[in-house]
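Fold and geometry: a report
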Amino acid sequence: LDATPAELVDKCIGSRIHIVMKTDKEIVGTLLGFDDFVNMVLEDVTEFEITPEGRRITKLDQILLNGNNITMRNPGQKPHEYGSTSL
Amino acid sequence: MSLRKQTPSDFLKQIIGRPVVVKLNSGVDYRGVLACLDGYMNIAIEQTEEYVNGQLKNKYGDAFLRGNNAYSFLRLRPEQINSALRGEMGFKWGRNAAAVLYISTQKRKA
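Residues numbered from 1 in each chain as written. Chains lettered and ligands numbered in written order. Predicted model: local features only at pLDDT ≥ 70, side-chain atom pairs only at ≥ 80, totals over all residues. Heavy atoms only, no water.

Considerations on the overall build of chain B
In terms of regular secondary structure, chain B is built from two helices and six strands. In chain B, the succession of α and β elements from N to C terminus is α-β-β-β-β-α-β-β. A total of 110 residues make up chain B; the buried ones form 41% of that total. When contacts within chain B are restricted to residue pairs at least 6 apart in sequence, long-range pairs at least 24 apart make up 45% of them. About 6700 Å² of surface is accessible on chain B, with carbon and sulfur atoms providing 50% of the total. (Helix = DSSP H or I, 4+ residues; strand = E, 2+ residues; numbered from the N terminus. Buried < 20%, exposed > 50% of the residue type's maximum accessible area, 1.4 Å probe, protein only. Contact = heavy atoms within 4.5 Å. Areas by Shrake-Rupley, 256 points an atom, 1.4 Å probe, with all protein chains shown as cover.)

Have a look at this one:
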């Protein structure tokens with residue numbers, strides 16, 4: 001069992017992860033790296049808005065995601081399996 | 001697809017001078033050339049286009065975006081404060097805890 005949250009996040013580097021934001025938005029991408037504030041660098045990113053229409057925006061290339069607004073992340077799961085689960 | 005570890009500070013160093021998309025918490029989108037930024041994700045962009053709901057709304061020669069909810073040290077004259085709050089000077093202040101949601105390099109949009 002991993003001791004720290006940072007170690008857990010580190011294990012996900014190279015994998016697809018799914019991030020839920022405070023503002024009812026979800027981001028799926030490949031994790032390239034992160035820092036002490038859990039700002040994340042992601043690649044091949046898809047952005048989902050939790051609306052009835054399920055609007056989707058896809059960005060290729062890389063993004064730096066501000067860690068201030070992240071509520072939860074888990075590896076690999078599709079956003080629509082779990083819906084909006086912001087804390 | 002080559003995959004290499006990249007921390008946020010590595011990313012920030014390599015994107016200066018490149019075309020970027022900066023999305024704020026409010027959902028507003030800014031596209032332009034990244035002039036400079038700092039560790040708080042405060043960002044200066046040149047040739048900025050502002051998109052609201054995917055529609056081009058404004059253009060600014062220079063735009064400054066505040067990254068995090070830090071106390072602002074920018075001193076404005078009283079008559080400037082209202083126009084800054086309305087975004088007329090090309091300043092945008094986020095309403096939520098952090099203004100900047102993400103910074104993305106621009107290849108193409110879906």
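From this point, the narrative continues.
Side note on the environment of Pro5(A)
Residue and element names in this part refer to chain A. Structurally, Pro5 can be placed in helix α1 (residues 5-11). Judged by its relative accessible area of 63%, Pro5 falls in the exposed class. Note: C-alpha distance between Pro5 and Ile19 (14 residues apart in sequence) is 15 Å.

Quick look at unusual backbone geometry
As a rule of thumb, non-glycine residues mostly have phi less than zero, and peptide bonds are mostly trans rather than cis. Residue and element names in this part refer to chain A. In this structure, Val38 takes a positive phi of about 55° despite not being glycine. With respect to the helices, strands and loops of the structure, Val38 is situated in the loop between β2 (25-34) and β3 (40-49). Although it is not a glycine, Asp44 adopts a positive phi angle of roughly 55°. In this fold, Asp44 is placed in strand β3.

Focus on the confidence of the model for chain B
All names here are of chain B. For chain B, mean pLDDT is 73; residues scoring 70 or higher make up 65% of the total. Taken as a whole, residues 69-75 scores under 50 in pLDDT and shows three contacts with residues more than four places along the chain or in a different chain. pLDDT under 50 marks residues 89-98. Its contacts with residues more than four places away, or in other chains, come to 36 contacts. Prediction confidence for the complex, expressed as pTM and ipTM, is 0.71 and 0.72 respectively. (pLDDT = per-residue confidence, 0-100.)

Topic: the pattern of salt bridges
Under the counting rule described, the total for this entry stands at eight salt bridges over all chains. Glu47(A) serves as the salt-bridge partner of Lys59(A), at 3.2 Å between the closest nitrogen and oxygen. One end of the pair, Lys59(A), is in strand β4 (residues 56-65); the other, Glu47(A), is in strand β3, with 12 residues separating them in the sequence. As far as the burial class goes, Lys59(A) and Glu47(A) line up, both buried. The partner of Asp61(A) in a salt bridge is Arg18(B), with the nearest N and O atoms 3.8 Å apart. Within this pair, whereas Asp61(A) is found in strand β4, its partner Arg18(B) is found in the loop between α1 (8-15) and β1 (19-24), the two belonging to separate chains. One connected set of salt bridges, linked through shared partners, spans Lys25(A), Glu47(A), Glu49(A), Lys59(A) and Lys23(B). (Salt bridge = Lys/Arg side-chain N within 4 Å of Asp/Glu carboxyl O.)

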